[in-house]
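# Chain and residue survey
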Amino acid sequence: MRGDVISLEEARHITVTAAGYTDILSDTTELQAAFTRLGVVQLDSIGTFARAHQLTLAGRASSTRDGVDEFLWGDGISKAFELWVHAASLVPIEDWPLWQFRMQRTRDAQLDWAPEAKEKSRILSIISSQGPSTMSVLRDGGAAGSGWNWGPTKLAVEHMVWTGELVCAQRRNWQRVFDLPERALPVAIRDAQVSADDSMNQLMNRALDVLGVATAKDLADYYRMRPSEAAKWLKESPLAPVQVQGWRDQAWISSPAVERARISRAVNTFVGPFDNLIWYRPRVERLFHFRQVFEAYKPSHRREFGYYVCPLLVDGTLVGRADISLDQETLTLRRLSFEEGKTPREDGVVSAIQSTMTMLPATRVRVTDIEANFASRIGKALGEAGISYELAN
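Below or above, wherever it landed, is the structure these notes cover. Model, not experiment: these values are computed from the prediction.

Thresholds, definitions, all that
Residues numbered from 1 in each chain as written. Predicted model: local features only at pLDDT ≥ 70, side-chain atom pairs only at ≥ 80, totals over all residues. Heavy atoms only, no water. Core = buried A, V, L, I, M, F, W, Y, C linked by side-chain atoms within 4.5 Å. Buried < 20%, exposed > 50% of the residue type's maximum accessible area, 1.4 Å probe, protein only. Helix = DSSP H or I, 4+ residues; strand = E, 2+ residues; numbered from the N terminus. Contact = heavy atoms within 4.5 Å. Expected span 1.5 Å × (residues − 1). Arc of directions from axis to C-beta. Salt bridge = Lys/Arg side-chain N within 4 Å of Asp/Glu carboxyl O. Polar contact = N/O pair within 3.5 Å; in protein donor to acceptor, adjacent residues only side chain to side chain. Phe/Tyr/Trp six-rings, centres within 6.5 Å; stacked < 30°, edge-to-face > 60°. Lys NZ or Arg CZ within 6 Å of the ring centre and 35° of its normal. Pairing = 2+ DSSP bridges. Axes fitted to C-alpha atoms, helices over the stretch in contact; angles between N-to-C directions.

Turning our eyes to something else, we now look at the nonpolar core. Counting 87 residues, the largest nonpolar core has Phe49, Trp99, Tyr223 and Phe270 as its most contacted members. Looking at this core, the element that brings in the most residues is helix H11 (residues 196–211), giving seven residues. Beyond its immediate sequence surroundings of up to four residues, Trp99 is in contact with Phe81, Leu83, Val85, Val91, Leu203, Tyr223 and Met225. Core analysis: the second largest hydrophobic core is formed by 27 residues, Val16, Val244, Ala257 and Ile278 among them.

Pasting the structure below:
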């Protein structure tokens, strides 16, 4: 990169390829490489056509959604543990030592919802005697609560996970399985000691490598660090700031991300609504001039775009969106629409559709409520690609 000013177009390309949406595939360990690189993958329970973690990982590797779960939990060897990192998240198992400082911070906070000693003792007794246990086993007939109105067992278990007294490193049929760290974690990982400063340094470097180009606030958001922590780290790092044309704040750039952008091109795909690329909405607007919204939890009459809406990435920028669902083997795209002035190439849209169909997998696609002036062109492109399709209003 020459000088200390880069164009918005350069920043977009560096960002998208740094995020892993690139034609460079590692090898047969693509899922592991993608997961390790991201360092954190958000979880969500909505499964309209795939779950959040499946979209995030399969979108960066040649995998199906079921292949993601098989990789994570299929062989009984823990690949990840769950922690509140960027909301409810999966974190690579080898990163357990890096998060001890946050677990300690939670222990020291003396939160008002911390469990009573008696409830903790009961939960630990069950797990010690019965082995890894689901929430329903730990509840032992107690009230389940609903939504964010957690019952006493869930409150206790969540607190114990956040403090590292319990670990969730497996799921069975989507149910979390809780165990003791000394039993669930490899000894070398469990006993490794990393200082808070070293943890921060490693995590911030990783975040910048995944973001590619980032302001201090962008960097803080990735792992939900305190903004002051990100600012302090940047001040003490040897990194030189750069200016992105059109951005008000200073940015910093990752050299590995620049090299990755130099030798690769971005792929066309639908991006899951919980994807790392679009977590921080101010950054999304700055980079792509795209307003990211998620409306699944709104009443239907208040939704502008739909229920499970995924942004469309074509030629390295966000150009539109569609409300996506799956009915048996038919992928349905409702309200496929494009941002003003951003109508993409038809073959770019088709390649994004193809990648989603492969990931599910699906055998045909149904497109409804598409912009009239684009419908015939997209239909022709789908047909030329050999995709079974239906266009409907």
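A word on the side chain of Asp95. Mapping Asp95 onto the fold places it in the loop between strand E4 (88–92) and helix H5 (100–109). Taking the relative accessible area as the measure of exposure, Asp95 reaches 3% and is therefore buried. In this structure Asp95 touches Gly39, Phe81 and Arg206, once residues within four positions along its chain are discounted.

A word on H11. Helix length check: H11, at 16 residues, gives a terminal C-alpha distance of 22 Å against a target of 22 Å (1.5 Å per residue), a fit within 8%. Every buried residue of H11 is accounted for by Ser199, Met200, Leu203, Met204, Ala207, Leu208, Val210 and Leu211. Looking straight down H11, one finds its buried side chains confined to an arc of 160°; they lie on one side. At the C-terminal side of H11, Gly212 shows a positive phi close to 85°.

Turning to the pattern of salt bridges, a few remarks are in order. Scanning all chains against the criterion turns up 24 salt bridges. Here Asp95 and Arg206 are joined by a salt bridge, their closest N and O atoms 2.5 Å apart. In this pair, Asp95 sits in the loop between E4 and H5 while Arg206 sits in helix H11, placing the two residues 111 residues apart along the sequence. Assessed through its relative accessible area of 23%, Arg206 is described here as partly exposed. Here Asp191 makes a salt bridge to Arg190, at a shortest N to O gap of 3.0 Å. Taking the relative accessible area as the measure of exposure, Arg190 reaches 26% and is therefore partly exposed.

A separate point is the side chain of Arg171. Among the structural elements, Arg171 can be located in strand E8 (residues 167–172). Engagement of the side chain of Arg171 in a polar contact is seen with the side chain of Glu82, the distance being 2.7 Å. Residues contacting Arg171, with those up to four places away along its chain left out, are Leu43, Trp73, Glu82, Arg176 and Val177.

The next thing to look at is the packing of aromatic side chains. Counted by the stated rule, this structure contains 13 aromatic pairs. Look at Trp84 and Trp162: their rings are 5.5 Å apart centre to centre, the planes differ by 40°, and that puts the pair in the tilted class. Separated by 78 residues along the polypeptide, Trp84 in strand E3 (residues 80–84) and Trp162 in helix H8 (residues 152–162) bring together distant segments of the chain. Here Trp99 and Phe101 contribute two aromatic rings whose centre-to-centre distance is 6.0 Å and whose plane-to-plane angle is 20°, an arrangement assigned as stacked. Residue classification places Phe101 among the buried positions, given a relative accessible area of 11%. Ring pairs connect the aromatic residues Phe49, Phe274, Phe294, Tyr297 and Tyr308, which therefore count as one cluster. Sitting above the plane of the Trp174 ring, Arg51 keeps its charged end 4.2 Å from the centroid. Positioned above the aromatic ring of Trp174, the side-chain terminus of Arg171 is 4.0 Å from the ring centre.

Spatially, E13-E14-E15-E16-E17-E18 is the arrangement adopted by the six strands of the open sheet, whose pairing is mixed. Since the sheet does not close on itself, it has two edges, and those belong to strand E13 (269–270) and strand E18 (388–392), each with one partner. The strands touched by helix H16 (residues 346–359) are E13, strand E14 (309–314), strand E16 (330–338) and strand E17 (364–368); relative to E16, the strand with the most contacts, the crossing angle is about 145°.

Keep in mind that these numbers describe shape and distance, not what the molecule does.
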